[in-house]
Amino acid sequence: ECPLCLLPQPPEAFPRLASCSHRSCWACLEQYLCLAVRESRVPVCCPHCPAALQPSDVHRLLPEPALRDKYEEFLLRRLLVADPGTRWCPAPDCSYAVFAHGCAECPRLTCGREGCGTEFCYHCRQPWHPDRPCAPTPSLATPTAQPEELAHGEALVQAEAEDVKVCPRCSAFIMKINDGSCNRMNCTVCGCLFCWLCLQEISDVHFLSPSGCTFWGKRPWSRTRRILWQLGMVLGAPMVISLAAGVAVPVITIGIPIYMGRKVLAGGPGSRRSSLSRCQQCLSVTSSVLLSLFVSPIITALAVGVGVPLVLTYVYGTVVLSLCR
């Protein structure tokens, strides 16, 4: 049975993958790959795990030559985007890349694609502007736009400034409805993981740090609010930790035996509880509760012994250091 479509298939319908041992039917893999390539999610991962599929497997499974060409183009773009010296021509319908290593002093670049020849700036990656400084943000206007179109483009950028932002690594435009939803963004072009609020490349602990950026929300906290929150954490941490530990210790110590006793008493799918005598059922429930009574203090000690030092280290280490800055 295919784990994706849940249909029974013959053994030859499950192609082997070089990246991992997971198996899915040929039709599901074809559909999955077509969708991933059309959405530029390249490299393509296995539908069951994070392992990236080998290009040979992708070429073997993709049915259309045009999709194979797109896959190769997206792979090449991902490789070039990771190079800090690569610049992309800003002209419409031109995906030509220019290797511009050492061009910071002479920032005027020319697209080398036949029939294009667009001149653009190395620093802001926009059409060449000899008489004005680089714009702080990329412009949506094209090199051939008229003044009315330029004004309309600037108004559009101003109106959608919070909905359309630029990837901090590859400068690709990324759109997100600024409704306070998840601020952890992943660029599909270069794979950069960044924060929607501060537009900085981040790690998984960015939203736990006292930076003012929140996992949900429309904008970072103000400096005053951030400082007040940090002061509250520093002053109130002992009381909050004591209260949390005072509640967690009895809940874990008493809750685990009660939960295990109810679990054994209720039985699970396919259990043989109905075939046991009443004495045997009482014995199994009693033994599970007694065993839990021995195990629950150990779990409680580990939870408190590991959790409390971690919280104290964060509050009186990271938060205090941020306040001092």
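Calculation notes
In this convention, every chain numbers its residues from 1, walking through the sequence in written order. Given that the model is predicted, a residue must reach a pLDDT of at least 70 before its local features are reported, and side-chain atom pairs must reach 80 or more before they are shown or counted; all residues, however, enter totals for whole chains, interfaces and linings. As a convention, hydrogens and water are excluded, and side-chain values are obtained from all of the structure's heavy atoms. The helix count covers DSSP runs of H or I at least four residues long, the strand count covers runs of E at least two residues long, and both are numbered beginning at the N terminus. Burial classes: relative accessible area under 20% of the type maximum marks a residue as buried, over 50% as exposed, and values in between as partly exposed (1.4 Å probe, protein chains only). Every residue pair with non-hydrogen atoms within 4.5 Å of one another is taken to be in contact. Areas reported as accessible are Shrake-Rupley estimates using a 1.4 Å probe. Residue values count occlusion only from the protein chains shown. Within 6.5 Å between ring centres, the rings of Phe, Tyr and Trp (the latter by its six-membered ring) count as paired, and their orientation is classed by plane angle as stacked under 30 degrees, edge-to-face over 60, tilted in between. Working convention: axes come from line fits to C-alpha atoms, limited for helices to the stretch in contact. Angles between N-to-C directions cover 0 to 180 degrees. By definition in this entry, angles of less than 35 degrees are roughly parallel, angles greater than 145 are roughly antiparallel, angles of 65 to 115 are roughly perpendicular, and the rest are oblique. Helix crossings are classified by the rotation of the near helix relative to the far one: an anticlockwise turn of less than a right angle makes the crossing left-handed, while a clockwise turn makes it right-handed. In this count, Pro and Cys sit with the nonpolar residues alongside Ala, Val, Leu, Ile, Met, Phe, Trp and Tyr, while Asp, Glu, Lys and Arg are called charged and the others, Gly among them, polar.

As named in an unreviewed UniProt entry, the protein chain is RBR-type E3 ubiquitin transferase, taken from Chloropsis cyanopogon.

Enquirer: Mind showing me how you'd approach the overall build of the protein chain here?
Expert: Within the protein chain one finds six helices and eight strands. The N-to-C order of helical and strand elements in the protein chain reads α-α-α-β-β-β-β-α-β-β-β-β-α-α. Within the protein chain, buried positions represent 29% of all 325 residues. Considering only contacts in the protein chain between residues 6 or more positions apart, those separated by 24 or more positions represent 41%. Carbon and sulfur atoms make up 62% of the accessible area of the protein chain, which totals about 20,700 Å².

Enquirer: Help me understand the side chain of Thr-118, please; the structure alone is not making it clear to me.
Expert: Mapped onto the fold, Thr-118 is located in the loop between strand 3 (108-110) and strand 4 (119-121). By relative accessible area, Thr-118 is classed as buried at 16%. Sequence-distant contacts of Thr-118, defined by excluding residues within four places in its chain, comprise Cys-89, Ala-91, Leu-109, Thr-110 and Cys-111.

Enquirer: Is there a simple way to think about the packing of aromatic side chains in this case?
Expert: In this description, a pair of aromatic rings is defined by centroid distance and the angle of the planes. With the rule as written, the count across this model stands at two aromatic pairs. Relative to Phe-215, the ring of Phe-207 lies with its centre 5.3 Å away and its plane at 80 degrees, an arrangement referred to as edge-to-face. Relative to Trp-216, the ring of Phe-215 lies with its centre 4.8 Å away and its plane at 80 degrees, an arrangement referred to as edge-to-face. Look at Phe-215 and you get partly exposed, because its relative accessible area is 30%.

Enquirer: Is there a simple way to explain the packing of helix 1 (residues 26-38) against helix 3 (residues 65-81) in this structure?
Expert: For any two helices packed against each other, the geometry comes down to the angle between their axes and how far apart the axes lie. Packing of helix 1 against helix 3 brings their axes to within 10 Å, and their N-to-C directions diverge by 50 degrees. Here helix 3 runs oblique to helix 1, going by the angle between their axes. Relative to helix 3, the crossing made by helix 1 is left-handed. Contact residues: helix 1 offers Cys-34, Val-37 and Arg-38, while helix 3 offers Leu-67, Lys-70, Tyr-71 and Phe-74. Each residue belonging to the contact of helix 1 with helix 3 can be placed in one class, and the counts come to five nonpolar, no polar and two charged.

Enquirer: Just checking my understanding: could you explain the environment of Leu-208 for this structure?
Expert: Secondary-structure assignment places Leu-208 in the loop between strand 8 (193-195) and helix 5 (223-266). Taking the C-alpha atoms as reference points, Leu-208 and Thr-318, separated by 110 residues in sequence, lie 10.0 Å from one another.

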